[in-house]
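A look at the structure
The lines below spell out each chain.
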Amino acid sequence: MDTVKNRLCIGFKFVLIACFIIFSLISVESNAKLEKEFLTKHAPQKKANMKMVPLLLEIKLNGSLLPGITQCYKDSSGHIWIEESDLRQWGMKYNSRAPLKYHGEQLYKLDWYHDVSYQLDQYAMQLRISAPPKLFVTQTFDPLSKRLGALRPKDPGAFLNYDAVALRNNTPGVNQTNLSALMGLGLFNRLGVGTADVLAYNKYANNITLLTNQSSKLVRLNTTWTLDQPENIARWRLGDAITGSTYWSGASRFAGIQYATNFNSQPNLVTFPLPGYQGEAAIPSKVDVFVNSVLNQQQIVNNGPYIFNNIPVISGAGTVNVITQDLLGRSKVVSFSYYASPQLLKPDLVDFSYEAGFVRDNYGVNSNDYGRFLAVATYQRGITDNLTLGGHAEVLFDQQTLGFSANYLLNNYGVASLAVAGGHNNSGGGGLLGLGFIRQGPKLSYGFNTSLTTLNYIQLGTQPNTSPPSVVNQLFLGYSLENYGSLSTSFTMVNSRNFNTANGISNTPTARLLTATYSHNLFKNISLSLGFVGDLRNSQTNQAFLTLVFAPDINHFVTNSTTWQNHQLQDVFQLTKPTPLGTGYGYNLFASNNSNRYAGADVTLQNEIGAYTGRVGQGRGQASYEVDASGSAIYFAGNGFLARKLTQSFAVVKVPDFPGVDVLYENQLMGKTDRNGNLLIPELLPYQENIIDIEPTTLPLDTEIDVTHQTVIPYFESGVLAEFSVKRMQGADLHLRTP
């Protein structure tokens, strides 16, 4: 028995060994085959025994004749091979197979593309290729895709803004003089921009029958250091600032540190979702995109799929029409509706603001009146194209508030809003509930907002010892009559709580506010506006108005406003010439038939170094006189300048040693270079492309210049240098004499 078992065991072992050897041989053969296929497919092929015939051919791709002549290759089997560079030029995707290396070129066989058919006409030396759009590289068009990278002021500088006012009012027995000046100091370098604003005023009143009173004060307003980071769409602030807020929360001035989103540092970034379109073109085509029947953009697309991202539209509901016309004249129209709302954020786009510091009280009255410590956080994020969620928190020693919000787009029809908040303070706990909806259409727009608060709910921005209203309801409606004008109306209902003012808590007044307006352009240069504004609970505040504006040309307009209030009719007439962007003058003449029969005039003169206004008014028993002067002093790029008051950024244009050269900004003449060849241009838009030109005809004839046009992008409240290189040419006079 044991012998039989031993023989069976030995036989079984031999069978296992034989199976192992057989499977190993099969595996080796299979791996060798797979490796061979892999190398055949992915390793560069060699031209070893391959015979190629080069052909110079015209290419007709999907019925469209391509420009130029293309070198193709024909193998011994009659198959056509195309160079990789030509496929790239045609916009076709590369095949997954490895290309064939032939005389230094990477070749792809057209037969590798299963959906491609081709025909070679050797007599016409033309290759006709038919390929579906999916084999071409997707073309993307996005007019808002450009983003600004890291940007800091390259050169340091400083500026001082000033705005001085002298005002005198004369009434029977009283002569009052007010002198005031607002001054702002600014410094900038690679670390950011520092600003400090100071208000100084002096009041002198002389009442002959009563007393003589004199007062003066110097008040510091804001002192802030700002660092913008366009690459992060963010801003750091150290010093005086305003806390972040949402549509349902309040805000407060404070001194401390702030880190927040700054979308202004990316002008091309539209924060809310925009419509897009995706299509295919079998042959080169022209695509026109119309938004609300107005041409928005036009592109020439090549063969293959294409995508239009971020089609610029105005907010509200509308319609996009995409018209595609190919080279054969065939057209296709696709229409779809959209709804764009700034209440929403693009998916994954974040809007935030974080602050810590001390609340500032009596701003504009006291320089350093700081109180309670605060920490505030505001955060909103786009979840989808239809949903944006947010939160807001306020932490003070005697007050804490936390709330959440949601904005949702309802089926491309309108945006619904919800806000829920709760808080605790020294008076107890309270809460807020906010609901809203807005629909903005091309003809009809309407919506509402409702805010409900409990007794002890307090948030930043609530005045001390003031009870917020229990209910605030707002309704609005707008309707476009197209060629016959537009109507708009709104109604606001405020319900206050009935407190006894003896307990130290004042009430928010109960009100029923109604506004209604109709406006219409009667003719090309005449517009009409009429309406009603008032509180339905207080008839003395109600007023009706009618305004007519007539513009005989682009530099003048005449305005007549008629108002009816408290059974009195008041009429105001004005003739105005606006002050130009550059140097020049403007004026305003006005007269009123009110009880004082007040009339007056003002004239403004503006030059390269400032703006100056004189104003005079006269009425029954009253006269007023006013003189204003504003401007700035600037140090930048090693030079000092006097200029108009800076409200944004500026540029210094240098044409070294060439005075009297005309300088243009956005095709508007800004002035001439000074004796050193310099000119300062104020009012540049920060973080945007600003175009500056010099007029070459104002240069001497013996000069040579490379460029007369520059595009500059300045930092926030800073300067940028635009230098033009001009060279003197060496000339010689030749005199030829004949014998």
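Here the structure is shown first, and the text comes after it.
In this section: the packing of aromatic side chains. One pair of aromatic rings is described through two measures. These are the centre distance and the angle between the planes. Scanning the entire structure with this criterion turns up 21 aromatic pairs. Arranged with centres 5.6 Å apart and planes meeting at 10 degrees, the rings of Tyr94 and Tyr108 form a pair that is stacked. A residue pair is termed long-range when its members are at least 10 positions apart, and Tyr94 in the loop between α2 (84–90) and β5 (100–102) and Tyr108 in strand β6 (residues 105–109) qualify at 14 residues. Note on Tyr94: relative accessible area 36%, which makes it partly exposed. Judged by its relative accessible area of 5%, Tyr108 falls in the buried class. When the ring of Phe636 is compared with that of Phe650, the centres are 5.5 Å apart and the planes differ by 85 degrees; the resulting orientation is edge-to-face. Pair noted here: Phe636 is in strand β41 (residues 622–636) and Phe650 is in strand β43 (residues 649–654), with a separation of 14 residues, a long-range link. Given the relative accessible area of 1%, Phe636 is considered buried.

Right, let's get into the pattern of salt bridges. One side chain can pair with another of opposite charge once the charged atoms of both are near each other. Taken as a whole and assessed by the stated rule, the structure comprises 18 salt bridges. Note that Asp228 is salt-bridged to Arg235, the shortest N-O span being 2.5 Å. Of the two residues, Asp228 and Arg235, neither departs from the other in class, the shared state being buried. One salt bridge in this structure joins Arg330 and Asp326, with 2.7 Å as the shortest N-O distance. A single salt-bridge network, built from bridges that share partners, covers Asp602, Arg615, Glu626 and Asp628.

With that settled, the discussion passes to unusual backbone geometry. If you check the backbone angles, Ile233 has positive phi at about 50 degrees while not being a glycine. Mapped onto the elements, Ile233 comes out in the loop between β13 (212–229) and β14 (234–242).

Turning our eyes to something else, we now look at the sheet that holds strand β19 (residues 304–308). Pairing is mixed in the open sheet, where 3 strands are placed in the order β9-β19-β16. The open sheet has two edge strands with one neighbour each: β9 (139–141) and β16 (277–281). Each strand of the sheet is rotated relative to its neighbour by a mean of 20 degrees, with strand direction disregarded. Where β16 meets β19, 5 bridges bridge the pair, whose relative direction is antiparallel. Across the sheet, Ala281 pairs through a bridge with Gly304, a residue of β19.

Glancing now at empty space enclosed by the protein. Within this structure, the stated rule accounts for 1 cavity of 30 Å³ or more. Looking at the largest cavity, its volume works out to about 40 Å³. Taken together, Glu608, Arg644, Met670, Leu680, Ile681 and Pro682 make up the full set of residues lining the largest cavity. Among the elements that make up the lining of the largest cavity, the one with the highest residue count is strand β46 (residues 678–684) (3 residues). Partitioned by chemical class, the residues of the lining of the largest cavity number 4 nonpolar, no polar and 2 charged.

For the rest of this paragraph, the subject is the environment of Pro656. Secondary-structure assignment places Pro656 in the loop between β43 and β44 (662–665). Residue Pro656 is classed as partly exposed on the basis of its relative accessible area, which comes to 31%. Not counting the four nearest positions on each side in its chain, Pro656 is found in contact with Asn676, Gly677, Glu723 and Phe724.

It is worth spelling out the nonpolar core at this point. Within the largest apolar cluster, 27 residues are counted, with the highest numbers of intra-cluster contacts made by Ile59, Ile82, Trp90, Leu127 and Ile129. No other element matches the 5 residues that strand β1 (residues 52–61) contributes to this core. Ile129 has contacts with Ile59, Lys60, Leu61, Asn62, Trp90, Leu110, Val116, Ser117 and Tyr118, leaving out every residue within four places of it along the chain. Val661, Tyr665, Ile681 and Val712 belong to the second-largest nonpolar core, a separate cluster that totals 19 residues.

Going residue by residue along β44, you find Asp662 and Leu664 tucked away on one face and Val663 and Tyr665 tucked away on the opposite face as well. Sheet topology places β44 next to strand β45 (residues 668–672); 4 bridges connect them, and they run antiparallel. If you follow Val663 over to β45, its bridge partner there is Gly671. The turn linking β44 back onto β45 is made up of 2 residues, and Glu666 within it adopts a positive phi angle of 50 degrees. Relative to strand β47 (residues 690–694), β44 runs antiparallel, the two sharing 3 bridges. Residue pairing in the sheet places Val663 in a bridge with Ile694 of β47.

The next point concerns a nonpolar patch on the surface. A contiguous nonpolar surface patch, about 910 Å² in accessible area, is contributed by Leu160, Tyr162, Met183, Leu185, Leu187, Leu191, Trp225, Trp236, Leu238 and Ile257. Elements supplying a minimum of two residues to the nonpolar patch: β10 (157–171), β11 (174–189) and β14. Take the nonpolar patch: its biggest share by element is 3 residues, from β11. By the element assignment, Leu191 lies in the loop between β11 and β12 (192–207). Judged by its relative accessible area of 61%, Leu191 falls in the exposed class.

Scoring rules and cut-offs
One numbering rule holds for all chains: residues counted from 1, following each sequence as written. Only residues with pLDDT of 70 or above have their local features reported here, since the model is predicted, and side-chain atom pairs are shown and tallied only from 80 upward, although totals for entire chains, interfaces and linings are computed over all residues. In computing side-chain properties, one takes all heavy atoms of the structure into account and sets aside hydrogens as well as water. In summary, the pairing rule links any two rings of Phe, Tyr or Trp, Trp by its six-membered ring, whose centres are within 6.5 Å, and it sorts them by plane angle into stacked for under 30 degrees, edge-to-face for over 60 and tilted for everything else. Secondary structure counts use DSSP, requiring at least four H or I residues in a row for a helix and at least two E residues in a row for a strand, with both numbered from the N terminus. When a residue's accessible area, from a 1.4 Å probe over protein chains only, is under 20% of the maximum for its type it is buried; when over 50% it is exposed; and in between it is partly exposed. Basic side-chain nitrogens of Lys or Arg form a salt bridge, by our definition, when they fall within 4 Å of a carboxyl oxygen of Asp or Glu. Pairing between two strands is assigned when DSSP locates at least 2 bridges connecting them. Convention adopted: a line fitted to C-alpha atoms gives each axis, helices being fitted over their contacting stretch, and angles between N-to-C directions are expressed from 0 to 180 degrees. The rule is simple: put a 1 Å grid over the protein atoms alone, call a set of points where a 1.4 Å probe fits but cannot get out a cavity, call an open set with protein on both sides within 12 Å along at least five of seven lines a pocket, and count a residue as lining if it has an atom within 4 Å of a point. Grid points are joined across faces, edges and corners, and a volume is the space filled by probe spheres set on the points. We call Asp, Glu, Lys and Arg charged. Ala, Val, Leu, Ile, Met, Phe, Trp, Tyr, Cys and Pro are nonpolar, and the rest, Gly among them, are polar. Whether two residues are in contact is decided by their heavy atoms: any pair within 4.5 Å suffices. Only buried Ala, Val, Leu, Ile, Met, Phe, Trp, Tyr and Cys residues count toward a nonpolar core, and they belong to the same one when joined by side-chain atoms within 4.5 Å. Any residue with relative accessible area above 30% and no salt bridge may belong to a patch, with like charges joined within 9 Å and the nonpolar Val, Leu, Ile, Met, Phe, Trp and Tyr side chains within 5 Å. With residues, only the protein chains shown are counted as cover, and all accessible areas are computed by Shrake-Rupley using a 1.4 Å probe.

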